Structures are given as structure tokens and as C-alpha cells.
Amino acid sequence: MVIVLLLVVVPPVGIWLAWRGGWRGRGKTAVMGLSALWCVALVVSDPPEEKAAGDAEMAVAEIGDDKGADLLEVPDYTGQNLATAIATAAAHGYPAVSHDATDADARQVVDGNWTVCFQNPGPGTTISPGGEIDFAVVRRESPCPPADGLAVVYPRMPSVTERSFGEALGLLADHALTGVEARGAYRDVALPSHPGAWTVCFQRPGAGEEVTEPEEVAVRLSVAEPGVACPAFDRARLSPEPDPEPVPMPEPAPVPVPVPLPEAAGSGRSGGLAHYPNCDAVRAAGQAPLYRGEPGYRSGLDRDGDGVACET
């Protein structure tokens, strides 16, 4: 029984013992043949573990290679107009959606009014064709927040006073402030066409003010000539203003002095009334007729207007 067991479990050992044992010729030959066939069957049907493991690893690697061949690298769409980014992503085979990158959670009604700040999946990552890309966007001309979903932190107006006008221009350009106007800090000093070396005395907007739309901000810098101290206030005079010339006072208008009417004289006329109600009164006073220019004459007494009133 031991030899039979060895012929099944360990065929080479069992064959050797059967050959050396007292088995008959036919039985010995049959047992040895069956044991040899069993040994061959074991070798053919049960390959070594290492070979099986190696074959499995190769199969996994082949599957991985096939899957990787289908993945595509996601381009970088950040900084693009949302409408352009959506169209470009569609051309690459990616459908796209968008959301507000700030904490305002505003809707994107017109894609062209928004700019891409972030994207998911990020640039350089790989996704399968047809994979969706989510764009985090802000309104055009607005800065991006520090991270998706946070509030926008607007830049502050830098301080450029005591710098040269040329240095101020460079610093403001770094903050996207390009609409800069120069004017003289002294209103009685002419400004050159290129005041690059002049010193900035005053600025508007002031340093530290929040700038929400840099491209729309008009910056005004008041500058003084090199070597000239800044004035105490903007648009002062460098040279003292001359005293105004005295204005002559007008002479007072002469006051008219009333002149008393002279008494009638000549032609036997003596003093009489300066006013007669009618010609009867003139005749009663012995002054008829009255001539134009004489006391008491008036047009109401001169009916025919010939210059003689109360004719006799």
C-alpha cells in the first residue's frame, strides 16, 4: 500500500520502490506505466506558479494599456472667455458646464460676459472622451477669487507719491491701472509733454482705495518739477500772486438844484401866478396873451398851438 501511495503522490519514488520490490513482471510493468502517465499528466496540466503569475501580470498590463489608449489629456482653458472655452471644449470632445467661482452663485445668462478661473478636471489630467468639464467663472474684468467658491478680493490702489512719474506708471501698470493723467501740482508752472522725472505730489484715487474695475479707473497724478518741493495743497501757486491794481472810484453824479421860476417881466407885466387855471384867470390878472416860454404859459391854454395862449 505504501508503494501504491508513493506511485500516486511521488511517482518517481514509487516506481523505484516497485522496481526493487518483489512485484511480478506484468504487474510491475503495468504499475510503472500508469505511474509514468500520471507523472506526465501532472507536468502538463499544472504549470509552475511563477509562470501562471507572470501570464496574469501580462494580461493585466495589456488591459491597462488598452484603457490608457482611450484617455485624453485635458487642455488648459483658464483665462479664456467662457463662450470660447465651451466651444473649444466641445471641439475637443468634452461637454462643458459652468458655475460662479465666487460666493455670489450668480447665473451665467450670457457666456461671453464671463471668464474662466478654474476648471474640473484640471489642466493636464486625463479623462475619457466625452467626459464633462466644469468651469468656475467670474464676470468679465473681475479678478478671480483665491479659490473656487470664495469671495473676490479686489486690489487696492498703490501709493505712488514721492516717486517719479515714470516709476508710478510702471507700478500702476502692474495693477492693471493704465488710464493715468499727469498735471502740474503748481497751477502756474507749465507741464512738459513727458514729465517722467517729475515727482508725484498728489494722487487720485488715494492710496489704499479699493479698485473694482482697474481698466475703467482714471488715475490723476499731480507732479512737481525735480528739485522743487511739493506744495501744501494741490494746484497751489509757486510764485506769489501780484496784488490787484486799485480800481478808481466813480465820481458821484451831480445833484440837480431846483431853479425858482422868475417873475414875469417886461411889456408892462409884473409878477403874477405861475399857473392859471384858464384864460379868464389870465385876463383877470392882466397877463393875456401868454407866449410860449413865459410864466403861466401851457399848451392847454393854447388851443390852436401857435405859441400864443389866451389871445385877446
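Source: prediction; values computed, not measured.

About the thresholds
- Residues numbered from 1 in each chain as written.
- Predicted model: local features only at pLDDT ≥ 70, side-chain atom pairs only at ≥ 80, totals over all residues.
- Heavy atoms only, no water.
- Helix = DSSP H or I, 4+ residues; strand = E, 2+ residues; numbered from the N terminus.
- Buried < 20%, exposed > 50% of the residue type's maximum accessible area, 1.4 Å probe, protein only.
- Contact = heavy atoms within 4.5 Å.
- Areas by Shrake-Rupley, 256 points an atom, 1.4 Å probe, with all protein chains shown as cover.
- Arc of directions from axis to C-beta.
- Pairing = 2+ DSSP bridges.
- Axes fitted to C-alpha atoms, helices over the stretch in contact; angles between N-to-C directions.
- Disulfide = S-S within 2.5 Å.
- Patch = residues over 30% accessible without salt bridge, like charges linked within 9 Å, V, L, I, M, F, W, Y side chains within 5 Å.
- Salt bridge = Lys/Arg side-chain N within 4 Å of Asp/Glu carboxyl O.
- Lys, Arg positive; Asp, Glu negative; His and termini not counted.
- Charge placed at Lys NZ, Arg CZ, Asp CG, Glu CD.

Side note on the overall build of the protein
Within the protein, the secondary structure is distributed over seven helices and ten strands. Buried residues in the protein amount to 24% of all 312 residues. Counting only contacts in the protein whose residues sit at least 6 apart along the sequence, the fraction spanning at least 24 positions is 58%. Accessible area for the protein stands at about 20900 Å²; split by element, carbon and sulfur atoms hold 57% of it.

Let's talk about helix α6 (residues 165–174)
Residues separated by three or four positions in an α-helix point in the same direction, a consequence of the helix having 3.6 residues per turn. When α6 is considered as a whole, its buried residues turn out to be F165, A168 and L172. One side of α6 carries all its buried residues, which in axial view fall inside an arc of 55°. Tucked inside the fold, the buried residues of α6 contact β6 (180–184), β7 (199–204) and β8 (219–224). A176 sits one or two positions beyond α6 and adopts a positive phi of about 65°.

Some remarks on the sheet that holds β7
The strand order β6-β8-β7 describes an open sheet built from three strands, whose pairing is mixed. Strands at the two margins of the open sheet, each flanked by one partner only, are β6 and β7. Averaged over all neighbouring strand pairs, the angle between strand axes comes to 30°, with direction disregarded. Strand direction decides the pairing type here: β6 and β8, joined by five bridges, are parallel. Paired with G184 across the bridge in β8 is V223.

With respect to the state of the cysteines
Summed over the entire model, instances satisfying the criterion amount to three disulfides. The partner cysteine of C117 in its disulfide is C144, sulfur to sulfur 1.9 Å. Between C117 and C144 the sulfur-sulfur dihedral comes to about -90°; the bridge is accordingly left-handed. Here C144 lies in the loop between β5 (133–139) and α6 and C117 lies in strand β3 (residues 114–120), a separation of 27 residues in the sequence. Given a relative accessible area of 9%, C117 falls into the buried group. Across the disulfide, C279 is cross-linked to C310 (sulfur-sulfur distance 2.0 Å). Around the S-S axis, the bridge from C279 to C310 shows a dihedral of about -85° and counts as left-handed. Remark: C310 occurs in the segment after β10 (308–309) and C279 occurs in helix α7 (residues 279–284); sequence separation between them is 31 residues.

A look at a negative patch on the surface
Together, E141, E213, E215 and E216 make up a negatively charged patch on the protein surface. On the accessibility criterion, E213 (45% relative accessible area) is partly exposed.

Quick notes on the sheet that holds β3
Through backbone hydrogen bonds, the strands of a sheet pair up, either in parallel or in antiparallel fashion. Read from one edge of the open sheet, three strands run β2-β5-β3, paired in mixed fashion. Strand pairing shows two members of the sheet lacking a second neighbour, β2 (96–100) and β3, which therefore form its edges. Neighbour-to-neighbour, the strand axes of this sheet turn through a mean angle of 35°, independent of strand direction. For β3 and β5, the ladder comprises six bridges, and the chain directions are antiparallel. Residue pairing across strands places V116 opposite V137, the latter belonging to β5. Against the sheet, helix α5 (residues 82–91) touches β2, β3 and β5, its axis set at about 165° to β5.

Here's the deal with the pattern of salt bridges
Scanning the entire structure with this criterion turns up four salt bridges. Linking R183 and D234 is a salt bridge whose minimum nitrogen-to-oxygen distance equals 2.8 Å. Taken together, the residues R183 in strand β6 and D234 in the loop between β8 and α7 connect sequence positions 51 residues apart. Overall, the relative accessible area of 25% leaves D234 in the partly exposed class.

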